[in-house]
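Examination of the molecular architecture
Read off the chains here:
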Amino acid sequence: MERRRLLHAGAGLVAASVVGPVLGPAAAHARTADGTGAPGAPGPESRAASAGTAGHCSGPAVSTYGIATYTAAIVGMTVLGGHAYVVARGQNPPLLGEIDLASGKLTRTVRLTRGEGGWAATVSGGQVYVGTYPVPDLYRFDPATGSVTRLGTIGPSGGFVWCLTTAPDGTVYAGTYPRGEVWEYSPATGVLRNLGVAMPGEQYVRAIAADDRYVYAGTLPLGHIVAYDRATGAKRSITPTPYGGAACLLARGGRVVGGFGRSVVDLAPDGSDARVIPIPAAERLVDAITSTDDGTVYCVGRPTGTVYRRDGDALVPVAAPTPLDEHRALFPLPDGRLLGGAGSGRLWWLDLDDGGSTTLELIDTAMAGPDPVQALTMGTRGAVHVGGHFSITTHRPALGTSRRIPVSGEPKQMRTAGDRVYAALYPSTEVLELDPDRGRVRSLGFIDNDQQRPTDMVYARAIDQFLIASAPPAGRLKGALTLADRGETAADRVPRRDHGPERDVPGPGRPAGRPDRVPRR
């Protein structure tokens, strides 16, 4: 694959998914020797600076090497006519991309005004609506004119518009964090109004759906379903008991169906006739859900990335177009195929008859851009390893080379041992071993028992193990301290121990109890 040289952190790029751009020193008190990309001898201006010339800083020159990591990860996704619309994650301001579904090509991109991404997207009246973070704005994009309009802000700074849906009459509804509110926007009148907190104590409205009479809010962390009467604004919980945190929701054919905790829940609009379908043991939650014209429900599981078809009270596996990936949305297409959007920046088209699929890698398009660094560690022979959204990039400044390796999550913690790199991923808690010379990734397993975010990681050389501190999903406090053995195999699960009632584990440097030990092999 072609390599590209990037000199500025703000540069746009189109890059290969495995072999990344070559990063050369930028002109920041630095020069290069013989065009190799390696830091060269300082030029006259740098020597003058080192000598303490007036007006210049003293000390050694500083070399910058451009983009540390780049991404085409997506969050929000929707479909309008023959196009899909996706919102990039981690790019500031957010980038909205339009993909022609017939050709499978990116046709244009548009920048929103502010923010770092947009988890929420829907369509109404031929317009695309996007909800952003960490400023919870609501935007409207007109595909006919290419214009973007910010309609309003629906929460405090640091907040999220987590979800959007459209009622049959075109009214748009939004669910937010941290106030756990439902908002309503009327395209006909231009009025934006707050319908209030869904459930006291629940900070997230994580999933939302609407029919002719009600708008349904799925909350997190407990997983209530709250029905708002669209005419009167009155609301009530239709949840007999909380089902676990909401992930996705739809209202079709007189039923409300969604992914909650480790179940798919199907109930009547008043909460009666509830059916709770356990998800397969390999899955932690259902990322996205949809139904076809004949009422068949399809969903996709995390972490395996498997698409399931509901058959009675069972979920039957269909295919895994992008294994081990998170998913943002599913859409049935007029030709009978299923369209999916994966968090890593992949769109796929699945033939439901034979299970075959095709994939578009957005990292190979103009959706790619600079990515906030998630983790950073030094390796052997001067290598620098950088964790980004769904990738680890290895830079070798002395050689002027970089290599991007896809992984199935965000490396929140990274350390080295010997010539290997070890990463603990969010949100799966998978622990990976990377051989940066060969680009090979090996799984050591997952931290189970309701953990989600690795918060610290230390290599204990004396026992050749990693100590990993972790936190549970939002709204819970039972953290864990885990010992992971470098010799464990991909099939092994990494155990852990709770450390006290309702308290998080800050990091291995501050012990909070006696951790489980993983037997050496």
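Here the structure is shown first, and the text comes after it.
Anyway, here's the lowdown on the structure attached to this text. All values derive from a computational prediction rather than experimental measurement.

**A closer look at the pattern of salt bridges**
For side chains of opposite charge, pairing can occur when their charged atoms come near one another. Applying the stated criterion across every chain yields a total of 28 salt bridges. Residues arginine 302 and aspartate 287 are paired through a salt bridge, measuring 2.8 Å at the closest nitrogen-oxygen approach. A residue pair is termed long-range when its members are at least 10 positions apart, and arginine 302 in strand S25 (residues 297-302) and aspartate 287 in strand S24 (residues 285-291) qualify at 15 residues. A relative accessible area of 8% means that aspartate 287 is categorised as buried. The residue arginine 328 makes a salt bridge to glutamate 326 at a minimum N-O spacing of 2.9 Å. Taking relative accessible area as the criterion, glutamate 326 reaches 7% and is therefore assigned buried.

**Details of the layout of surface pockets**
Of the voids in this model, the second largest pocket is the one considered here, and its volume is about 280 Å³. What lines the second largest pocket is a set of 19 residues, among which Arg346, Phe390, Pro406, Val407 and Ser408 lie closest to the centre. When residues of the lining of the second largest pocket are traced back to their parent elements, those giving at least two are strand S36 (401-406), strand S39 (430-435) and strand S40 (440-446). The element that contributes the greatest number of residues to the lining of the second largest pocket is S40, accounting for three residues.

**Points about the sheet that holds strand S8 (residues 117-124)**
Taken together, the four strands give an open sheet; going across it, the order is S8-S9-S10-S11, and neighbouring strands pair in antiparallel fashion. In the strand order of this sheet, the two ends are held by S8 and strand S11 (147-153), each with one partner. Neighbour to neighbour, the strand axes of the sheet diverge by 25° on average, direction disregarded. Pairing of S8 with strand S9 (residues 127-133) involves six bridges; the strand directions are antiparallel. Bridge pairing in S9 links alanine 121 to valine 130.

**With respect to the packing of aromatic side chains**
For the structure on display, the rule yields 12 aromatic pairs. Pairing tyrosine 129 with tyrosine 185 gives two aromatic rings, centres 5.9 Å apart and planes at 50°, and the pair type is tilted. Of this pair, tyrosine 129 sits in strand S9 while tyrosine 185 is found in strand S14 (residues 181-186), placing the two residues 56 residues apart along the sequence. We note that tyrosine 129, like tyrosine 185, is buried. With a centroid separation of 6.0 Å and an interplanar angle of 80°, the aromatic rings of phenylalanine 160 and tyrosine 177 are classed as edge-to-face. Of the two residues, phenylalanine 160 sits in strand S12 (residues 160-166) while tyrosine 177 sits in strand S13 (residues 172-177), which places them 17 residues apart along the sequence. An aromatic cluster is present here, built from Trp119, Tyr133, Phe160, Trp162, Tyr177 and Tyr204 joined pairwise through their rings. Positioned above the aromatic ring of tyrosine 70 is the side chain of arginine 404, whose terminal nitrogen or guanidinium carbon lies 5.1 Å from the ring centre. Geometry around tyrosine 426 places arginine 453 over its ring, the cationic atom sitting 4.2 Å from the centre.

**Quick word on the side chain of aspartate 100**
Note on placement: aspartate 100 falls in strand S6 (residues 95-100). Despite its burial, aspartate 100 pairs with no opposite charge, the nearest such side chain being arginine 337 at 9.2 Å.

**What to know about the sheet that holds strand S33 (residues 375-378)**
Sheet architecture is open: four strands sit in the order S33-S34-S35-S36, paired in antiparallel fashion. Whereas interior strands pair on both sides, the edge strands pair on one side only; in this sheet they are S33 and S36. For this sheet, the mean inter-axis angle between neighbouring strands, taken without regard to orientation, is 15°. Bridging between strand S35 (residues 391-396) and S36 involves six bridges; their strand directions are antiparallel.

Calculation criteria
Starting from 1, residues in each chain are numbered consecutively following that chain's sequence as written. With pLDDT at 70 or above as the cut-off, local features in this predicted model cover only qualifying residues; side-chain atom pairs require 80 or more to be listed or tallied, and sums for whole chains, interfaces and linings still use all residues. Side-chain measures here rest on the full set of heavy atoms in the structure, leaving out hydrogens and waters. Each reported salt bridge corresponds to a side-chain nitrogen of Lys or Arg within 4 Å of a carboxyl oxygen of Asp or Glu. Helix numbering and strand numbering both begin at the N terminus, where a helix is a DSSP run of H or I of at least 4 residues and a strand a DSSP run of E of at least 2. Each residue's exposure class comes from its accessible area (1.4 Å probe, protein chains only) as a fraction of the maximum for that residue type: buried when under 20%, exposed when over 50%, partly exposed otherwise. Both site types are read off a 1 Å grid over the protein atoms alone. A 1.4 Å probe that fits but cannot get out defines a cavity, while an open set with protein on both sides within 12 Å along at least five of seven lines defines a pocket; lining residues have an atom within 4 Å of a point. Grid points are joined across faces, edges and corners, and a volume is the space filled by probe spheres set on the points. We treat two strands as partners when DSSP finds at least two bridges between them. Axis lines are fitted through C-alpha atoms, for helices just across the contact stretch, and the angle between N-to-C directions can take any value from 0 to 180 degrees. Any two of the Phe, Tyr and Trp rings considered here, Trp counted by its six-membered ring, make a pair once their centres fall within 6.5 Å; the pair's planes then place it as stacked at under 30 degrees, edge-to-face at over 60, or tilted in between. Put simply, a charge is over a ring when the Lys NZ or the Arg CZ is close to the ring centre, within 6 Å, and near the line of the ring normal, within 35 degrees. Here the positive residues are Lys and Arg and the negative ones are Asp and Glu; neither His nor the chain ends is included.

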